[in-house]
Structures are given as C-alpha cells and as structure tokens.
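# Descriptive structure summary
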Amino acid sequence: MSKPVRVRFAPSPTGPLHIGGVRTALFNYLFAKKHNGTFILRIEDTDQNRYVANAEQYIIDALNWSGISPDETIGKNEKFGPYRQSERKGIYKKYADELIASGNAYYAFDTAEELDALRNEYQENKKTFIYNHHNREKLNNSLTLHAEEVQKRLKNGDKYVIRFKTPVDKTLKMQDMIRGDIKIDTNTLDDKILFKSDGMPTYHLANIVDDHLMEITHVIRGEEWLPSMALHVLLYNAFGWDAPEFAHLPLILKPTGKGKLSKRDGDKLGFPVFPLEYKNESTSEISKGYREDGYFTEAFINMLAFLGWNPGTEQELFSLEELIQAFDISKVVKSGAKFDVDKTKWFQHQYLINKSDGELAELFLEKDSRVSHFHVNGNDKENNLDYITKVVSLIKERATFVSDFWDLSSFFFEAPTEYDAKASKKAWKQDASGLMKELISILSNLEDFSAENTENIVKQWITSKEIGFGKVMPPFRLSLVGAMKGPHLFDITSFIGKEETIQRIEKAIEYFD
RNA sequence: GUCCGAUUCGUCUAGGGGUUUAGGAUACAAGACCUUCAAUCUUGUGACACGGGUUCGAAUCCCGUAUCGGAUACCA
C-alpha cells in the first residue's frame, strides 16, 4: 500500500505525564504495532520557561512501566535524531526563512506589550483581537514596512517573530481518522507565530518540521489540537509536503461534575491521576501513582484502552498483545469519557484473581513485611512459600490489591490479639464459654484434623446434642479470627492445626470470662 | 464573544433507517450459596438532551436550540 507506519508521542516535559497522556501514548503504540510500524518518543521542549528537570525521565519511566516503550527515541535507534527539540534548535530557522522567501510568512516587530494593549482594547469593545488578514496590513511587520526598513531592523538586531501568512477566503477540507470530514474557513484563523524572538520555534513549526523529517505517517494526539489542525495542514501545503493522516482523541473527563480530569480530582476522590508517584521538586508535594497504589500494569493499560475505545465485542479483558490485534482507530469514540474509579478497580480485581497463587504469594511475601516475618516450620523457605500460596488461594478472590491480603489473612499467621467489639456482643452469649470448653474436648480427641473430618465431627456433635449451629459457630469463628469474617471455618482450623486451634479457643474463653 | 467539536442507563459503551420490548460491562438493589464476611451465580432498577423536518418508517439522516468540552499566548 504505502510507506511504513511511523507514529510519535510528543509530550512537553512540563511535569508528570498524566493518564490522559499515557492513553495518547498507548493509542499511538497500539496503532504502530497493529500496522507493524514504529513508535517514536520525541520530547517537545521548545518552551524553556516551562521546562521541568525531572519530567523527561518521568515520561520515560512511565512508558516503561506501562509496557509501551518507544522503538525510537533519545539513546535508542536514533535514526532521525536528536529527539529533543531543544537539541534540534538549529534546523528550524531555515524552514521559517523558506516560508518567508515563498511569501507564506512574514516578520513581525510588534512587541508583546503592544499586542496585549490591543487585545485589551478589543475586549473592552467586546471584540476579539485576531492577528490576521483583518489587520495585518495595519501592524508592524514586513508586509507593511518598506523592505529597507525591514532589513535595517533585522541588521540592527531588533526583536522579531515570524508569523504565518494565512491564506484568505479558502475552505479547507480535511480528514480525521476518528471524526471524519472537517471543514474550516481560513478567514477565521489567525497568523500564528512560527518562530519566537528568543530564537526558538513554536510548537506549530517545530512539530510540522519534525514530523516531516522523522517521516511520521499518522499523527494521533489529544482533542485539544483539533483547532490547530487547519494551521498544520496549511503549513504542510506551504512547504509542499505531504501531510500525515490525523486522529484526534477525546479527552478524559472528571468522574463527577464538569471539565477535564485534573490532578486535584485525584487528590479529592482518592485515586491516582498519574501512572507513577511524582514528587514536585519545588513544592515537595507528592502525587499518588497507579504503580504505588498497587495496580498491575496490565489492569492499568486495559482500563486506559477502554476509556474512549472498545472493540465492539463483549470481551473486556485484553492483554497488550490482544489489544494490538483488536485495535482499530476508527472505533475510537468521539466524545469525552468520564473517568470511573469503580471500573478501574474492577479491572484490577480481574487481573489479580487471574494471577497464579504462587505468583501472588511471592508478591505478598515481597511487599508485606508482616508476612515475610512469618515462618512455618522454623525457617524453611519452601514450606513457608507453600503455606502462603495456600493461604492466598483461599483469600485472593476477595481482594483487589496485594496490599489487601494481610487484612484478609492475618489469622492464618497469628492469633487474634483483640476481638471485634460488635461481633463479640453478637457472637459470644452467656453459654458460649461452656460450649467452647466442650468443643475443645471434642477437638483434642481428634486424630484426623483435616477440614472435612473436623467439620463432620463438629457438626455431628452439634446436631446430636441439639445445640444449634448459631450457638457454636459464631463464638468458634470469633476465637479463631477475632471477627466475623474470613474463609470457611474448617479451612482455617486445618491450616493452623489442632494445637493452635485449641489454644485460640482457650484464649478467647479466658478473655470473655 | 468568536471558531471548532461532542451529546444513548449514575458511569464506560454497542448501535451506521426497519431484525430493538435499545444490547453488554460497571455501579446499585434483591435472591441463591455460606449459619461469618467477601467473592461468585441469578434476577431486577435504569438511557437515545430538546424542538422541528426528511421518510411508509429515525437512537441512526438534515436544521435549529440547549448543555458540556476544546481553542482563541512569542504554552504545548
């Protein structure tokens, strides 16, 4: 068909990448892989004022953790490098000059103050100042000044910017892979600055030049760029280059209320907005990350992929590989999607229960010092892991994160140190102590302490003596667990063993008497 | 203000003029299971923003209105 697919993710290093950015990167990645293409990371740091030192590394770390590392970037397959726009500084001026020579751009000497004054003046009259064909003939630029005057100012070292000379009276017809046909009247556009007085290009120029030089075939970016698409297409035309295809992704919105998702929403509603924890070096403020909150990257990516896209089938759980196979950019939704914490947790839960007990046990051991201090049969590591694996198999279905494990399983590792007050009141009635004493004598006579056998014997006892399950089971559970929760009671007894079971009941009797 | 975009259950969405009593997931509720809690399973509640067209027929096409979002910087 055509040229090999090359797409780029081009963030600006002004702070941590938030999940909207990760999703844009993900869709670029999926599109590239789907078409056997190349996924490129380019850092757009043309604004020196907003540069944040650790942001670039954060972006790279975030993509790595997400499993969507670029194929081509700083220090990796640098065929079209450099990949930092600040290091490409030298190449943009030439292209701006080319546009001036072809009559598609002009020098402008208006100062920022002059333009601000003009904007204010227009605003007072309830109008909007637009620097374009309406008034460019009246302002301070190479369209109005004599050629010698322009040369003189340039030689003099006067500050100037280079602006695009937007064509007049044209209707631009464009195509977006997600939105279809888009029409724009060029008269509504303004003469955007392409080259700043500090010698750096603006986003618009740098972006087009780099995309062309790096042979980008598809531009997949956020919806906030839709209004700039016309300018970009016009620029490609002015240079005589083929424009890439465009796709503008919908925004990710706040879970409640209005507007796009912001860092504050996360703080307020208690979910992370960033993939990784981020520490703001100037304020020391720490923002939560999905990784640190215990989300698996598979769950995080699956959730993100489904925010604004779905394959049109009823399958919801997709590995990255399956996402690549199923991905179709034309199926991306056009409208913004509100972020949903519950759904995110559901994805995480699904991935957690699908992991093997052994793998989860190792994570549990690695991440929770309370378990790693636990030893079954002395110091035998294998027995220990084996025991924890079995515990995990009993409790994982009720957990969302590995960090939930301890609360769900502590009674497998240590006797309860306190008894839940509310549960105690309900479970431990007057006759409980007596019944528990009887229970101890029954248990101590047992040879086979397996879950099945213990259950059978205990139930026989209860039925034959017509005591009622409601009188025995609650205090029994309370003794072992300390609360009215947890897995099947006889699974617990067989796990902790006869001796420990009896000890715990004795302890409870002592406590309540 | 101007320009651009969007609008289906609370939320994410399926839907491309008749096969739709608008489907799925999540959330919520009830029941089952378990004499615990959760998970799980079953069932249920719940939506085409509004108004006009076009058409035999519209969630689907067109036009308005409303609402929301984005852009309107020598930021990206």
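Residues numbered from 1 in each chain as written. Chains lettered and ligands numbered in written order. Predicted model: local features only at pLDDT ≥ 70, side-chain atom pairs only at ≥ 80, totals over all residues. Heavy atoms only, no water.

Most of helix H7 (residues 229-239) sits out of view: nine of its eleven residues are buried. Here H7 has its buried residues at Met229, Ala230, Leu231, His232, Val233, Leu234, Leu235, Tyr236 and Phe239. Directly after H7, the chain includes Gly240, whose backbone phi takes a positive value near 80°. (Buried < 20%, exposed > 50% of the residue type's maximum accessible area, 1.4 Å probe, protein only. Helix = DSSP H or I, 4+ residues; strand = E, 2+ residues; numbered from the N terminus.)

Mapped onto the fold, Ser287 is located in strand E12 (residues 286-287). Once residues lying within four places of it in the same chain are set aside, the contact partners of Ser287 are Lys263, Phe274, Leu276, Glu277 and Tyr278. (Contact = heavy atoms within 4.5 Å.)

Around RNA strand B sit 56 residues, and of these Thr128, Glu316, Arg398, Phe469 and Met484 come closest. In RNA strand B, atoms within 4 Å of the protein come from the sugar-phosphate backbone in 69% of cases. A distance of 3.0 Å separates a phosphate oxygen of RNA strand B from a polar side-chain atom of Lys196. In this structure, a sugar or linking oxygen belonging to RNA strand B sits 3.3 Å away from a side-chain N or O atom of Glu314. (Near = heavy atom within 4 Å. Polar contact = N/O pair within 3.5 Å; in protein donor to acceptor, adjacent residues only side chain to side chain.)

Inspection of the entire model under this criterion finds 34 aromatic pairs. Ring geometry for Tyr295 and Phe401: centres 4.9 Å apart, planes at 80°, overall edge-to-face. With a gap of 106 residues between them, Tyr295 in the loop between helix H9 (290-293) and helix H10 (297-305) and Phe401 in the loop between helix H15 (381-395) and helix H16 (405-409) connect regions that are remote in the sequence. A relative accessible area of 5% means that Tyr295 is categorised as buried. Residues Phe306 and Phe318 carry aromatic rings whose centres are separated by 5.8 Å and whose planes lie at 40° to one another, so their mutual orientation is tilted. Remark: Phe318 occurs in the loop between H10 and helix H11 (320-326) and Phe306 occurs in the loop between H10 and H11; sequence separation between them is twelve residues. Neither Phe306 nor Phe318 differs from the other in exposure class; each is buried. Chaining the aromatic ring pairs together yields one cluster made of Phe364, Tyr387, Phe405, Trp406, Phe411, Phe412, Phe413 and Phe495. We note Arg153 situated over the ring of Phe109; from NZ or CZ to the ring centre the distance is 5.0 Å. The ring of Phe296 is capped by Lys355, whose NZ or CZ atom sits 4.5 Å from the centre of that ring. (Phe/Tyr/Trp six-rings, centres within 6.5 Å; stacked < 30°, edge-to-face > 60°. Lys NZ or Arg CZ within 6 Å of the ring centre and 35° of its normal.)

Such coordinate-based values are descriptive only and should not be taken to indicate function.
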